[in-house]
Amino acid sequence: MTAISFEAAGKRVGSLSVNLLRLVLAFFFLGLFGLAARGLPVPTDAPAGAWALLSLSGLVGFVGGDLCLFRALVVIGPRLSTLIMSLAPVIAALLGWFALGERLAFDDLCGMALTLLGVCLVVLEKKPAAGPGGRVRVFGVLLALAGAAGQGGGLVISKIGMGAYDPFAATQIRVIAGVAGFSVILTAAGWWPRFAAA
């Protein structure tokens, strides 16, 4: 439902506007939750190191990853984009193995292999059931893959930065970084009038 909603909104007002709008909404909802659960609407109690790593995670995952994903939703649709995005946990697991020394059990590897096989079967089919073909399809698949890589990388960085800190407050820090990142992009693209209209 989320992917279908984002696709429809992206086609209507543009993926840049949708990205920033949903992050602004997320910031306020997480602030309300933080106020109710911890008495802090903004995570001012987070250490500086956590702010730095979680902000980097927000830029990698929300800005880099979601910028590509939301465009892919418009280009190739929610079915294929969401399928390719299922590679994000696989990428996160591999990055966690390399960066954090996390161990992967045999059943983890089997699950990853099945996921990769399923994605490859659908992406490489000669006559897709729906959606554009040719270069547009290839571009959309590459966007979705970049989105999955951004999401996976953002998850690993957030795990390092979060430590024992509250996960909802950590997510709000990532959202703040995402809002800042998309604000820079909208300014560079001269997109603010279109954002206001959206």
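Above this text sits the structure in question.
I will try to describe carefully the structure that is included in this document. Think of each chain on its own: its residues are numbered from 1, step by step along the sequence as written. The model is predicted, so local features are restricted to residues of pLDDT at least 70 and side-chain atom pairs to those at 80 or more, both for listing and for counting; the totals for chains, interfaces and linings are taken over all residues. Excluding hydrogens and water, the side-chain figures rest on all heavy atoms present in the structure.

## Brief notes about the overall build of the protein
Working definition: helices are DSSP H or I runs of at least four residues, strands are E runs of at least two. Numbering for both runs from the N terminus. What the protein contains, in helices and strands, is eight helices and zero strands. In the protein, the succession of helices and strands from N to C terminus is α-α-α-α-α-α-α-α. Note that the radius of gyration is over C-alpha atoms, with the globule rule given as 2.2 Å times the number of residues to the power 0.38. For a compact globule of 198 residues, the expected C-alpha radius of gyration is about 16 Å, and the protein comes in at 18 Å, within 12% of that figure. Principal-axis analysis of the C-alpha atoms places the extent of the protein at approximately 55 × 50 × 30 Å. Contacts are residue-level and defined by heavy atoms, with any inter-residue pair within 4.5 Å sufficient. Considering only contacts within the protein whose residues lie at least 6 apart along the sequence, 84% involve residues at least 24 apart. Accessible surface area values rest on a Shrake-Rupley calculation with a 1.4 Å probe, where residue burial reflects the displayed protein chains alone. Here the protein displays about 10,500 Å² of accessible surface, and carbon together with sulfur accounts for 73% of that area.

## Remarks on the packing of helix H3 (residues 48-85) against helix H5 (residues 106-123)
At a minimum axis separation of 9 Å, H3 and H5 run at an interaxial angle of 150 degrees. Between H3 and H5, the crossing angle belongs to the class labelled roughly antiparallel. H3 and H5 meet at a crossing whose hand is left-handed. Taken together, the residues of H5 that come into contact with H3 (itself represented by Arg79, Leu80, Leu83 and Ile84) are Gly118, Val119, Val122 and Val123. Lys, Arg, Asp and Glu make up the charged group, whereas Ala, Val, Leu, Ile, Met, Phe, Trp, Tyr, Cys and Pro make up the nonpolar group; the residues left over, Gly among them, are polar. Residue composition of the contact of H3 with H5, by class: six nonpolar, one polar and one charged. Structural elements are reduced to axes, namely lines fitted to C-alpha atoms, with helices fitted over the stretch in contact, and the angle between N-to-C directions of any two is expressed from 0 to 180 degrees. Here roughly perpendicular refers to angles of 65 to 115 degrees, roughly parallel to angles under 35, roughly antiparallel to angles over 145, and oblique to all remaining angles. Crossing handedness is read from the near helix: turned anticlockwise from the far helix by less than a right angle, it gives a left-handed crossing, and turned clockwise, a right-handed one.

Limitation: the analysis is restricted to geometry and does not speak to function.
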